[in-house]
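Below, each chain spelled out in residue letters.
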Amino acid sequence: MPNRFFQNIKRQEWYEQQIEHIEEIPAREPRYGKLDRPLPDTLQGYLDREGIQLYSHQADAINSIRRGKNVIITTPTASGKTIAFNIPVFEALLKDEDATALYIYPTKALTNDQLHVLRTMERRMGIRPISNVYDGDTPQHARQGIRRASRIILSNPYGLHQYIPWHHKWKSFFQHLKFIIIDEAHMYRGVFGSNVAMLVRRILRICEYYGSNPQFILSSATIANPEEHSRKLTGRDFVVISNDGSIRERKFFIFWNPPFIDIGKMVRRSPHQETKNLFVFHIKNRLQTICFTVSRQMAELITRWSRDELGNVRDRITTYRAGYLPGERRDIERRLRVRELLGVVSTNALELGIDIGSLDAVIISGYPGTIISTWQQAGRAGRGYKDSLVTLIAFEDPLDQYFMKHPDEFFGRPHEYAIIDLENPYIVMGHLICASAELPVKEEDEKYFNLFEESLMALEQQDMVRKTPNGWIYSGIARPVDIVNLNNISDKIVTIINDGKILETMDLPKAYDEAHRGAVLLHQGETYLVEDLDLENLTARAIRRDVDYYTEPRRTVSIRIINTEAHQERGMGIDIDVGEVEVTEWYHSYVLKTYDRVIGKQPLGLPPLNFQTVGMWITIPGDIEEKVRERGLDFEGGIHAIEHAMIAMTPLYAMCDRWDVGGISSPMHADTQKPTIFIYDSYEGGIGISERIYDLFERLLNATLRLIQDCGCDKGCPSCIYSPKCGNENRPLNKEAAIFILREIIDNIRLD
Amino acid sequence: MLDHIAKRLKDKAGRIREYEVIETGDGDMEMGRAGGFMPTHIYGPEYEHAMRLKEQLLQEYRDKSLEEVIPGETISNDRGTCYYIQHKHDISIQKADLEKSRQVICSNLKLIYGIGEVRERELKQQGYHTIDDLVRHPRWRDEAGKFLDTFESRNAGTLHDLLWRRLPRSDPLLLYLAGIYDKNDLIMFDIETMGLFGRPIILLGIARQKRRRINTYQYLLRDIPDEPGALWEFVSHIEENTALITFNGRSFDIPYVEERLGFYGLNASIEKPHFDVLHFARRAFRGRVPDCRLVTLERYLLGIERKDDVPGVLVPEFYETYLKTRNPGLLIPIIEHNRQDLITLSRLFSRLYDVWEDA
């Protein structure tokens, strides 16, 4: 297949050297493992009947779990992670009649999927059902029974947050809790992850109270820091199981870059065109393909354009989006299975649980934001017995373009760090008050909460907790679980309402970004227009609207250093610091853009946003500035460009969006009295990103240099130094100066 | 910075009001809502009145001590301390006696597993009017015998369970179960709290019949550390044969007390047979009253108008102000409100019995 296929592509009239790279991921024979001791007959019989032979990583996991270790399994999707934890859990629960287990999933859909898996196992093993979901959808009348009689409970963090204050109703479940299983653990990062980490500590505290000490089993996509992440999420130490022994078919991964269409080499052809061309080509070659796009609108458009070119197979493709009725979904699934449907175009928000099986090929239109998501989407291709094909089509975005030029960064060791911050005082204090309403807080609880003493004192001052002979108990006027929201940090949360229903909630700063009046909001692949942002009531009104443009706010930033937490002098007057900063952001206007051009601009009358957070900054010595000016280059343009590019590259290291951080560059900053580039967390109190960047800044600088240096443009473009958020209309920006300054810094740091 | 965050958390808590102030013109009555027993809203005029009352009390009782203003005493037990207030009242509970309750309950053949509407009618036509009669029936004699044994054993718990399972919550028959208890086994209780769960109970009130009069025993938190002591006093009333009577206790008072007991690790349970007057009242008085709030039933059925009452939803605020100012005047309406709730509860319980007797 492959060579002929690639040759055919190259013969197409729309082919203009778009293929930047083809990675051949070789097929691999499975490696099987051996258990330290055999499984009980019920379980071994089950495996035999299902034709399952344990891969090495599954056996390793089971062996470690049996030894009482906390385990995190980071092998790829479809490597059989679920078996790796269900088997030892069932073994333990069959041996000890009282033992219980808690399975945590990030969404209800995933919880339901896993219930299905467990029930099937129970049925096929011939044991009584012991698993149940307990969440917002569980009917009232069934709840008591489930609490009392279920041995495996599946739930999600939002539900658990509400249920654990009622822990006395779960007494016997907690007393005998032997395992806590956290699946999709990489999703617990950033604000949500930090909140869930605190929730886990509250649960452990309750377990301690009831005398149990559960073992953790985590399952995660591949991240750069599995030990750290698992430790931060739970407070425990883990064994990492990462050597995948599962069978793998050969996979070809194409990196496809739309060609330049202007002479100045700044604008590329629309990736949507490219997507359509490739999709049509796949279908004509009878490759059953799923195509992931950035929005429902795009999905509809691509489907429509493709149909125009598919002649008599035009009816064998369809769009797929969230919000289909179960009946409609099952129909699509069926038609795919019998090869009636050859192609599906979907948004990136394809529910993970959907059973569309595996296809011949995947097209990913636009880098999904994380390497993990990219692999998860790529994982949809591959039937296990023949070659499969994945194509990533780059947008005009720094990360997309960076990978195009440096595919080794994508295919090499994992870079992305999942970040959890256990020290954001907003988050910690919020969960501390929740804890104080669950059980009186005692001195020993210090092990669960950072900033313990100071937080309690501050809370006591505000009459939120009272110190009593029994411990600190909650005395505030609202229920703590109503005050603390797992997706947000601050108390200023904006609720976005569509058609009388809550669409989503977001912190105020994010609302300034995404939900200002006139903003186009993307939610689960659908576009909405924000009609109004009411700052007093903290609500925004949005209407569903199909629009063909998107909006970007423009803001200017000023920053003040409050204190320095850590400091490095890297020679030649180059200083790197991290600490608390105060940020003020003025959102003064927003632009309307279609894919390739600005079609309008509107003013924004929003009051300045002012908050304290954590940031890192680099000061650049006068010598370097002089050298730049001597060469007639624009120094200010250079540091400004570096700031933009660093922010664009940050997600490569700290799993976040580029919107999770902000930055500012100044040729003479008031606090440092030197040229300085700042990068700060866009979240009050910080969320750990800047701190991570501070630790990794050399790597970030190097990647930033590579990005700018290797970009095919002449003087800078949206793929390297232009930022969509720049409040100064992306001026001044100077590519040459940026490269020079970065080289100077990197060389001098190496000298040290 | 932490102080700043603590303040923000507190402000946020303040914005989450657990009730709504409805500005209607003149506080006209709400239409009977299906679930409208949990006061989650308050009318403009009521709210204004309560705020004025708060001001008055703050003025009048400034610089006074708790003991001066509210007669009672500080008591202590293994778990702590609290403030104890007792009153005697010249009313007593009316209820079915054992004979009566047996008679009424046993004439309901549907209580036997396997007998539904149709079969009951048939059997009654055949001359089997009571469960005692069924002992003669070849098919039902065993079941009937078992039922009567349970009744004889006066095992309130088992009987209660049996009936709870077969009957709707509001069935009058459940009220007749009260007949198997002695009057002083019946404990009426009502709590005042700092909000809707997750926060301390600030007052536990009990009413019990002693000889021919109803006594109220109220356990107040002088301050939050008194909570375990007050809970323990409450729990000490619960005995083997206790049955509880509440108004909406099923959704509120009982789970609330259990939650707080669990919170302090006080190894006690209040899982006893329970009569929730709200459910009975809804069934008995539907159509005769605009809604089933306790104060409404009180007004319409007992002719009582409370003066200077603090509405239930505002109790947390009054208590908060007390904690901040230490002005015991704020406690007066809370204690009074609770006491009146207990009295009304007793009287409604008795009234229900009358109503169903007459029916």
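Look a little higher up for the structure.
What comes next concerns the included structure.

From N to C terminus, chain A includes 24 helices and 27 strands. Its C-alpha atoms give chain A a radius of gyration of 27 Å, near enough to 27 Å, the size a compact globule of 752 residues would have. Each principal axis of the C-alpha distribution contributes one length, and for chain A these read about 80 × 75 × 55 Å. Split into buried and exposed, the 752 residues of chain A put 62% on the buried side. Long-range pairs, those at least 24 residues apart, make up 72% of the contacts in chain A between residues at least 6 apart in sequence. For chain A, the accessible surface area stands at approximately 29,600 Å², while carbon and sulfur atoms represent 46% of it. Averaging the locations of the 91 positively and 103 negatively charged side chains of chain A gives two centres separated by 7 Å.

Turning our eyes to something else, we now look at the overall build of chain B. The number of helices and strands found in chain B is 15 helices and nine strands. The C-alpha atoms of chain B give 23 Å as radius of gyration, which agrees with the globular expectation for 359 residues (21 Å, within 12%). Overall size of chain B, expressed as C-alpha extent along the three principal axes, is 80 × 50 × 45 Å. Scored against the burial criterion, the 359 residues of chain B give a buried share of 57%. Looking at charge distribution, chain B has the averaged site of its 52 positive side-chain charges lying 3 Å from that of its 58 negative ones.

As a further point, take the pattern of salt bridges. Per the stated rule, a full pass over the model turns up 55 salt bridges over all chains. Here aspartate 244 of chain A and arginine 28 of chain A are joined by a salt bridge, their closest N and O atoms 2.9 Å apart. Taken together, the residues span a long stretch of sequence, with aspartate 244 of chain A in the loop between strand E8 (239-241) and strand E9 (251-256) and arginine 28 of chain A in the loop between strand E1 (19-25) and helix H2 (41-50) at a distance of 216 residues. On the basis of relative accessibility, which here comes to 23%, the residue arginine 28 of chain A falls in the partly exposed class. Note that arginine 335 of chain A and glutamate 340 of chain A form a salt bridge whose closest N and O atoms lie 3.0 Å from each other. For glutamate 340 of chain A, a relative accessible area of 38% puts it in the partly exposed group. Ionic contacts of the salt-bridge type, sharing partners, join the residues Glu298, Arg306, Asp309 and Asp341 of chain B into one network.

A few words now on the interface of chain A and chain B. The parts lose accessible area when they come together, and the size of an interface is often stated as this lost area. Contacts between the two partners involve 43 residues from chain A, matched on the other side by 40 residues from chain B. With both chains or domains summed, chain A and chain B bury close to 3,600 Å², and 64% of this area falls on carbon and sulfur atoms. Taken together, the connections running from chain A to chain B amount to three salt bridges. For the interface between chain A and chain B, the tally reads five residue pairs in polar contact (both at pLDDT 80 or more). Counting residues per element, the ones that place at least two in the side of chain A that touches chain B are helix H17 (425-438), helix H18 (452-461), strand E15 (465-468), strand E16 (471-474) and helix H19 (480-483) of chain A. Per element, the largest residue contribution to the side of chain A that touches chain B is eight residues, and it comes from H17 of chain A. Counted by class, the side of chain A that touches chain B contains 20 nonpolar, 13 polar and 10 charged residues.

A few words on the side chain of histidine 337 of chain B. Residues and elements named next belong to chain B. Relative to the helices and strands, histidine 337 is located in helix H15 (residues 331-358). Look at histidine 337 and you get buried, because its relative accessible area is 7%. At 3.1 Å, the side chain of histidine 337 forms a polar contact with the backbone oxygen of valine 310. Excluding residues within four positions of it along the chain, histidine 337 makes contact with Glu192, Arg306, Asp309, Val310 and Gly312.

Once that is clear, we can look at the side chain of aspartate 681 of chain A. Residue and element names in this part refer to chain A. Within the secondary structure, aspartate 681 sits in strand E27 (residues 676-681). It is arginine 692 that comes nearest to the buried, bridge-free aspartate 681 among opposite-charge side chains, at 10 Å. One polar contact links the side chain of aspartate 681 to the main-chain amide nitrogen of isoleucine 689, over a distance of 3.3 Å. Once you skip the residues sitting within four places of it in the chain, aspartate 681 turns out to touch Phe611, Thr613, Val614, Asp660, Val661, Gly686, Ile687, Gly688, Ile689 and Ser690.

Below, the discussion takes up a negative patch on the surface. Residues and elements named next belong to chain A. On the surface, a cluster of negative charge is made up of Glu443, Glu444, Glu446, Glu453 and Glu454. Following the sequence through the fold, glutamate 454 ends up in helix H18. Here glutamate 454 falls in the partly exposed class, since its relative accessible area comes to 39%.

We now examine the packing of helix H11 (residues 271-284) of chain A against helix H12 (residues 296-310) of chain A. All names here are of chain A. One can describe the packing of H11 onto H12 by two numbers: an axis separation of 9 Å at closest approach and a directional angle of 50°. Taken together, the axis directions place H11 and H12 in an arrangement best described as oblique. Here the hand of the crossing between H11 and H12 comes out right-handed. Here H11 contributes His272, Gln273, Thr275, Lys276, Phe279, Val280, Ile283 and Lys284 to the contact with H12, which in turn contributes Met298, Ile302, Trp305, Ser306, Glu309 and Leu310.

Time to look at the packing of helix H9 (residues 190-210) of chain A against helix H10 (residues 226-234) of chain A. All names here are of chain A. Packing of H9 against H10 brings their axes to within 7 Å, and their N-to-C directions diverge by 55°. Considering their axes alone, H9 and H10 lie oblique with respect to each other. From H9, Gly193, Val196, Ala197, Val200, Arg201 and Leu204 reach across to H10, where they touch Arg231, Lys232, Leu233 and Thr234. In terms of residue class, the contact of H9 with H10 is made up of five nonpolar, two polar and three charged.

Residue and element names in this part refer to chain A. For the coordinates displayed, the defined rule picks out zero disulfides over all chains. Distance from the sulfur of cysteine 711, which forms no disulfide, to the nearest cysteine sulfur (cysteine 717) is 3.6 Å. Left without a disulfide partner, cysteine 726 is nearest to the cysteine sulfur of cysteine 720, which lies 14 Å away. Given a relative accessible area of 6%, cysteine 726 falls into the buried group.

What follows deals with the sheet that holds strand E20 (residues 526-534) of chain A. Across a sheet, paired strands are connected by hydrogen bonds in the backbone, their directions being either parallel or antiparallel. Residues and elements named next belong to chain A. The five strands are arranged E18-E17-E21-E20-E19 in an open sheet whose pairing can be described as mixed. Edge strands, defined here as strands with exactly one partner in the open sheet, are strand E18 (501-507) and strand E19 (520-523). Sheet twist, expressed as the average angle between the axes of neighbouring strands with direction ignored, equals 35°. Pairing of strand E17 (residues 493-498) with E18, which is carried by six bridges, proceeds in the antiparallel orientation. Paired with valine 494 across the two strands is methionine 506, which belongs to E18.

What counts, and at which threshold
Residues numbered from 1 in each chain as written. Chains lettered and ligands numbered in written order. Predicted model: local features only at pLDDT ≥ 70, side-chain atom pairs only at ≥ 80, totals over all residues. Heavy atoms only, no water. Helix = DSSP H or I, 4+ residues; strand = E, 2+ residues; numbered from the N terminus. Rg over C-alpha atoms; globule rule 2.2 N^0.38 Å. Buried < 20%, exposed > 50% of the residue type's maximum accessible area, 1.4 Å probe, protein only. Contact = heavy atoms within 4.5 Å. Areas by Shrake-Rupley, 256 points an atom, 1.4 Å probe, with all protein chains shown as cover. Lys, Arg positive; Asp, Glu negative; His and termini not counted. Charge placed at Lys NZ, Arg CZ, Asp CG, Glu CD. Salt bridge = Lys/Arg side-chain N within 4 Å of Asp/Glu carboxyl O. Buried area = accessible area lost by both parts, 1.4 Å probe. Polar contact = N/O pair within 3.5 Å; in protein donor to acceptor, adjacent residues only side chain to side chain. Nonpolar A, V, L, I, M, F, W, Y, C, P; charged D, E, K, R; others polar. Patch = residues over 30% accessible without salt bridge, like charges linked within 9 Å, V, L, I, M, F, W, Y side chains within 5 Å. Axes fitted to C-alpha atoms, helices over the stretch in contact; angles between N-to-C directions. Parallel < 35°, antiparallel > 145°, perpendicular 65-115°, else oblique. Left-handed = near helix turned anticlockwise from the far one by under 90°. Disulfide = S-S within 2.5 Å. Pairing = 2+ DSSP bridges.

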